[in-house]
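Listed here are the chains, written in short residue letters.
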Amino acid sequence: MSARVAVVVGNPRPASRTLAAAHYVARQLTGREPELTVDLATLGPALLDWDDPGVAALVAEIGAADLVVVASPTYKGTYTGLLKLFLDRFATGTGLRGIAVPLLVGAAPQHHLAAELTLRPVLTEIGATVAGRGLFVIDRRYDDPAAYAEWLAATTPVVAALLRSRPASH
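Residues numbered from 1 in each chain as written. Predicted model: local features only at pLDDT ≥ 70, side-chain atom pairs only at ≥ 80, totals over all residues. Heavy atoms only, no water.

## Overview of helix 1 (residues 17–30)
Helix length check: helix 1, at 14 residues, gives a terminal C-alpha distance of 20 Å against a target of 20 Å (1.5 Å per residue), a fit within 8%. Summarising the contacts, the buried residues of helix 1 are in contact with strand 1 (5–9), strand 2 (36–39), strand 3 (67–73), strand 4 (99–106), strand 6 (135–138) and helix 5 (146–165). Between a side-chain oxygen at the N-terminus of helix 1 and the backbone nitrogen of Thr18 the separation is 3.3 Å; the capping residue is Ser16. Residue Gly31 follows helix 1 closely and has a positive phi angle near 80 degrees. (Helix = DSSP H or I, 4+ residues; strand = E, 2+ residues; numbered from the N terminus. Expected span 1.5 Å × (residues − 1). Contact = heavy atoms within 4.5 Å. Polar contact = N/O pair within 3.5 Å; in protein donor to acceptor, adjacent residues only side chain to side chain.)

Right, here's the structure in full:
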């Protein structure tokens, strides 16, 4: 059975460059489109309703995915509050059971460590295995394959090995 791949994007604008970047990373890591994409901007007020069954179902699906690219624009040196709202729904230690890739897109190169320092810790706190280092891409280069090449060369073999080692029940 092939790995279930998902993308979660915390950009307040739907169909953003961040979404395009996350899909690119997922395709490059796996050779195919993700089965599930959660563009949080499209959820509206449901994201604030902790009893919303649609959001709860998305949390369950993302939590069970084998590989999740979690992406956000960089706001004030970290990921968005929109993404934080969604990630807060995952149980500590067991909420995200697969492999996660933290991806931040930002305008300024001085934020290049933001994915490592802000997003990676919360992904590991909710149970994910983070493959390699977090990825930061300058927003004006989101559609330039060269912006991802070095990171992909280092991380793709790690992701492939981790996916091969996952139990067949996924």
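## A look at the side chain of Asn11
Structurally, Asn11 is set in the loop between strand 1 and helix 1. Relative accessible area serves as the criterion here: at 9%, Asn11 is assigned to the buried category. One polar contact links the side chain of Asn11 to the main-chain amide nitrogen of Arg13, over a distance of 2.9 Å. At 3.0 Å, the side chain of Asn11 and the side chain of Thr18 are in polar contact. Apart from the residues lying within four places of it in its own chain, the contact partners of Asn11 are Ser16, Thr18, Asp39, Ala41, Pro73 and Leu82. (Buried < 20%, exposed > 50% of the residue type's maximum accessible area, 1.4 Å probe, protein only.)

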